Amino acid sequence: MILTGVLLAVFGLGLVGWFAARGRARLLYTGRGSMHSMPAYHGWHMALWILVPALLAWGVWSAIMPGLVEGAVFADPAAASLPTDPMTLGAIVSEAHNLASDPSATAFNPEARVLVEPIRAAQARFGLIGALLVMVVAIAGGGYGFTRIRADFRARTQVERAVMALLLAASLMAVLTTFGIVGSLVFEAGLFFKDVSPIAFLTGTHWSPASTMGANINDNFGAVPLFWGTIYIGAIIAMIVAIPLGLMSAVYLTQYASGAMRKWLKPMLEILAGIPTVVYGYFAALTVAPMIRDFAASMGMQNPSTESALAAGLVMGVMIIPFVSSMADDALAAVPRAMSDGSLALGSTKSETIKKVLLPAALPGIVAGVMLAISRAIGETMIVVMAAGAAANLSANPLASMTTVTYQIVQMLTGDQEFNSPKTLSAFALGLVLFVVTLILNIVALRVVKRFREAYE
Amino acid sequence: MTDTKLTARNVDVFYGQKKAINDVSIDIDNGIVTAFIGPSGCGKSTFLRTLNRMNDTIAGARVDGEILLDGENIYAASMDPVALRARVGMVFQKPNPFPKSIFENVAYGPRIHGLGSSKADMEQIVERALTKAGLWEEVKDRLTDAGTALSGGQQQRLCIARAIAVSPEVILMDEPCSALDPIATARIEELIDELKESFAIVIVTHSMQQAARVSQRTAFFHLGSLVEYGETDQIFTNPREVRTKDYITGRYG
Ligand SMILES: Nc1ncnc2c1ncn2[C@@H]1O[C@H](COP(=O)(O)OP(=O)(O)OP(=O)(O)O)[C@@H](O)[C@H]1O
Ligand SMILES: [Mg+2]
């Protein structure tokens, strides 16, 4: 509690420091050129010296304090009578913590009550120590900062450096998170591959991770039907919808639409991209899938399932249209006007020019856009969860129910799951495959786009 | 001997509200080269583009007045601008070969217009166009190379070959040498001189020397108006208008 309060105090001190330092610097200011940095920079420099060390101290203390509290509580005579079994002990301690912060909470273990007082006492003690420490650091930092205020002190340069450090830290954050995610994926997938051979996983055609039958666990983790479902829905059916429609709308928008028309149509198309995927999901499941089922029945199919690759793929295709269209739009716009002028001046019509000059010239950019679109489509989860089904079918029939990598990941990780079973861990292996494929698609696509851009610089 | 190929009567061109060409009337003859000169922004390119209706492709551009090709109004409703551009070809300031092979660049126009039905016919058309453009000897062994891989001067001659390949009656050239070095320029000038036997040629240029070297007639534009039009020799040695004289002697910016 007190630690939260001290944060406010530190920021208050920072504010005070800002004004104090600026005031002090102003006294030194005797005219243009008399100081290296304007007084406000001295203010910022001072505020940084107060805030940065104090916040670091606060962070460190917040990290080590729970350990210190724990130690103090176990050293308390009240803890002597607790059971030693780590599972029960853990439960009791966490209940005691809940009770300490909220006395009305219910406790299943009566022993927890005993610990409440020691916990409160330890928290109060260490909280106070921490608060004092943070304030001391803040004041010391501020004091040091204040002594540096002189006419020739380069506060502006220092502030500039601090800004750069802040920006660097922000970008490192994203990079480190990515590394963390990849690391955990690789680690967990590694555990999975201890149980299941990678070859069987990547080439097997039978997927039933839940079944316990079968002498060989390898036989139940053949992921090919999943890969096939993913490709069939995301890279084939969805693209059959998205490529022609996206391309044609891009051609219309860049080549034919009047300014007013474009002003209306482009935002409309972008709305498509803004619809949450879960909305597409229930559109697929509640509207498109039943229509397709009825159609399948009318075609004489026996017991058509409500879920079908076609329903998921069609809706996913619609979702991807704005993506393909905006990439194609960029690619077409990057083709110099001189190209189409050259063709028009030879007496070709607009559509001949588009077909024979513009589209071929924009092709690399369009291909790259399609690759990015595919990588989005195969990573898409909501639509397939709602409309594609769970059956791991290896079929070319678009009316059949199919499952995808993302769908299975959701299946493996939701509900009550025992951790560390091959079934749960398979989600990470699937995630790793998906990640690698998407990464390759993205890298190749960006390369292509870059080449293409250079060609017309 | 000369006869009139193109006639413009009281032509105005507007970009939106802005008038870029003001009441221009001019006769352009067959078998000679006509040069358009004038300070930057005076409307040379704009007027040139009215002659094959390339202005139609610019949003907001509007043309008033009459332009006759062999006595036929090219802005009449019955005139198909696409068919017109096959008769009045154009070469641009910056060489703009398509990102296709040299052969395909030249074959592009004939294909569109259904010329050269057999492969042999097409090869003949391409060879003839490249020969006329003075490029055949340099590229005959590499026809499948990309047109964009040629040097700037070669690219421009490729663009001329491309325009010739559809057998136009008039060729419009908008500063065709401004992106080229003097040797490539000399090469194109020679070519223009040869081509005038078969086509009416209109060339926009910023170079007085070029206009004097290649053209038989010269038109001087200023602020959207045609100031003076006459035999090139007369314009350069004995201009009637003060503004023309100032411009060709370099007294005008
Ligand atoms: N697409 C356009 N939209 C609007 N105004 C234009 C357009 N093209 C040209 N103009 C204007 O019309 C006038 C004539 O331009 P034009 O390009 O014909 O001049 P130019 O004589 O060819 O000049 P330069 O020698 O620099 O090529 C200029 O004032 C120009 O700003
Ligand atoms: Mg011009």
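If you're wondering where the values come from, they're calculated on a predicted model, not measured in any experiment.

Conventions we followed
- Residues numbered from 1 in each chain as written.
- Chains lettered and ligands numbered in written order.
- Predicted model: local features only at pLDDT ≥ 70, side-chain atom pairs only at ≥ 80, totals over all residues.
- Heavy atoms only, no water.
- Helix = DSSP H or I, 4+ residues; strand = E, 2+ residues; numbered from the N terminus.
- Rg over C-alpha atoms; globule rule 2.2 N^0.38 Å.
- Contact = heavy atoms within 4.5 Å.
- Areas by Shrake-Rupley, 256 points an atom, 1.4 Å probe, with all protein chains shown as cover.
- Lys, Arg positive; Asp, Glu negative; His and termini not counted.
- Charge placed at Lys NZ, Arg CZ, Asp CG, Glu CD.
- Core = buried A, V, L, I, M, F, W, Y, C linked by side-chain atoms within 4.5 Å.
- Buried < 20%, exposed > 50% of the residue type's maximum accessible area, 1.4 Å probe, protein only.
- Buried area = accessible area lost by both parts, 1.4 Å probe.
- Salt bridge = Lys/Arg side-chain N within 4 Å of Asp/Glu carboxyl O.
- Polar contact = N/O pair within 3.5 Å; in protein donor to acceptor, adjacent residues only side chain to side chain.
- Near = heavy atom within 4 Å.
- Nonpolar A, V, L, I, M, F, W, Y, C, P; charged D, E, K, R; others polar.
- Pairing = 2+ DSSP bridges.
- Axes fitted to C-alpha atoms, helices over the stretch in contact; angles between N-to-C directions.
- Parallel < 35°, antiparallel > 145°, perpendicular 65-115°, else oblique.
- Left-handed = near helix turned anticlockwise from the far one by under 90°.
- Domains from an automatic or database assignment.

## Topic: the overall build of chain B
- In terms of regular secondary structure, chain B is built from 10 helices and 10 strands.
- Taking 2.2 N^0.38 as the reference for a compact globule, 253 residues should give roughly 18 Å; the C-alpha atoms of chain B span a radius of gyration of 18 Å, in line with that estimate.
- Within chain B, counting contacts between residues at least 6 apart in sequence, those at least 24 apart form 65% of the total.
- Of the roughly 10800 Å² of accessible surface on chain B, a fraction of 48% belongs to carbon and sulfur atoms.
- Across chain B, 28 positive and 33 negative side-chain charges occur, with their mean positions spaced 4 Å apart.

## Describing the nonpolar core
- Grouped together as the largest cluster of nonpolar side chains are 81 residues, with contacts concentrated most on Phe-201, Trp-207, Ile-233, Met-316, Ile-320, Ile-383 and Leu-430 of chain A.
- Residues in contact with Phe-201 of chain A, not counting those within four places in the same chain, are Phe-192, Phe-193, Val-196, Trp-207, Phe-221, Gly-222, Ala-223, Val-224, Phe-227, Ala-429, Leu-430 and Val-433 of chain A.

## Comments concerning the interface of chain B and chain A
- If you look at the interface, chain B gives 22 residues, while chain A gives 19 residues.
- Summing the contributions of chain B and of chain A, the shared interface buries around 1600 Å²; its carbon and sulfur component is 66%.
- Remark: the boundary between chain B and chain A carries zero salt bridges.
- Between the two partners, chain B and chain A, sit six residue pairs in polar contact (both at pLDDT 80 or more).
- Going through the elements one at a time, helix 2 (81–87), strand 6 (88–91), helix 3 (102–112) and helix 6 (152–165) of chain B are the ones with two or more residues in the side of chain B that touches chain A.

## Some words on the site of ligand 1
Residue and element names in this part refer to chain B.
- For ligand 1, the set of nearby residues contains 14 residues, the closest of which are Lys-18, Ser-40, Ser-45, Thr-46 and His-206.
- Here an oxygen atom of ligand 1 sits 2.4 Å away from a polar atom, N or O, in the side chain of Ser-40.
- Between Ser-45 and ligand 1, the recorded distance is 2.5 Å, taken from a side-chain N or O atom to an oxygen atom.
- Protein chains bury 65% of the 630 Å² of accessible surface belonging to ligand 1 in isolation.
- Of all the secondary structure elements, the ones that give two or more residues to the shell around ligand 1 are strand 2 (18–29) and helix 1 (44–50).
- Looking at the shell around ligand 1 element by element, the count peaks at four residues for helix 1.
- Taken together, the residues of the shell around ligand 1 break down into four nonpolar, six polar and four charged.

## So, the sheet that holds strand 1 (residues 4–15) of chain B
Residue and element names in this part refer to chain B.
- With respect to topology, four strands assemble into an open sheet ordered 2-1-4-5, the strand pairing being antiparallel. Among the strands making up the open sheet, the edge pair consists of strand 2 and strand 5 (72–73).
- Note: strand 1 against strand 2, eight bridges, orientation antiparallel. In the strand pairing of strand 2, Thr-7 is matched with Asp-27.

## Points about the packing of helix 1 (residues 2–28) of chain A against helix 2 (residues 39–75) of chain A
All names here are of chain A.
- The N-to-C vectors of helix 1 and helix 2 enclose an angle of 160°; their axes lie 7 Å apart at closest approach. Taken together, the axis directions place helix 1 and helix 2 in an arrangement best described as roughly antiparallel. The two elements helix 1 and helix 2 cross, and the hand of that crossing is right-handed.
- Classifying every residue of the contact of helix 1 with helix 2 gives 21 nonpolar, five polar and two charged.

## Some remarks on the sheet that holds strand 10 (residues 225–231) of chain B
Residue and element names in this part refer to chain B.
- Spatial strand order, 6-7-8-3-9-10: six strands in an open sheet with mixed pairing. The sheet is open, and its two edges are formed by strand 6 and strand 10, each paired on a single side. The average angle at which neighbouring strand axes cross in this sheet is 20°, direction not considered.
- Direction of pairing for strand 6 relative to strand 7 (residues 170–174): parallel, over a ladder of four bridges. Within strand 7, the position partnered with Val-88 by the bridge is Val-170.

## Notes on the domain arrangement of chain A
- Each assigned domain of chain A is listed here: domain 1 (2–153) and domain 2 (217–455).
- Taking only C-alpha atoms into account, the centre of domain 1 of chain A sits 50 Å from that of domain 2 of chain A.

## Some thoughts on helix 14 (residues 405–413) of chain A
- Within the span of helix 14 of chain A, buried status applies to Val-405, Thr-406, Tyr-407, Gln-408, Ile-409 and Met-412 of chain A.
- Following helix 14 of chain A by one or two positions, Gly-415 of chain A adopts a phi angle in the positive range, close to 80°.

## What about the pattern of salt bridges?
Residues and elements named next belong to chain B.
- All chains considered together, the criterion is met by 24 salt bridges over all chains.
- Here Lys-5 ties to Asp-70 by a salt bridge, and the two come within 2.9 Å at their closest N and O atoms. Here the residue Lys-5 occupies a position in strand 1, and Asp-70 occupies one in the loop between strand 4 (61–69) and strand 5, the gap between them amounting to 65 residues.
- Lys-5 gets classed as buried once you look at its relative accessible area, which sits at 7%.
- We note a salt bridge from Lys-196 to Asp-193, for which the minimum N-O separation is 2.9 Å.
- A cluster of three or more residues bridged by salt bridges with shared partners is formed by Lys-5, Asp-70, Glu-72, Arg-87 and Glu-169.

## Section: the packing of helix 2 of chain A against helix 5 (residues 155–195) of chain A
Residues and elements named next belong to chain A.
- Between helix 2 and helix 5, the shortest axis-to-axis distance is 8 Å and the interhelical angle comes to 50°. Accordingly, the angle class assigned to the pair helix 2 and helix 5 is oblique. Relative to helix 5, helix 2 is oriented so that their crossing is left-handed. Judged by residue contacts, Tyr-41, His-42, Trp-44, His-45 and Leu-48 of helix 2 engage Ala-155, Arg-156, Gln-158, Val-159 and Ala-162 from helix 5.

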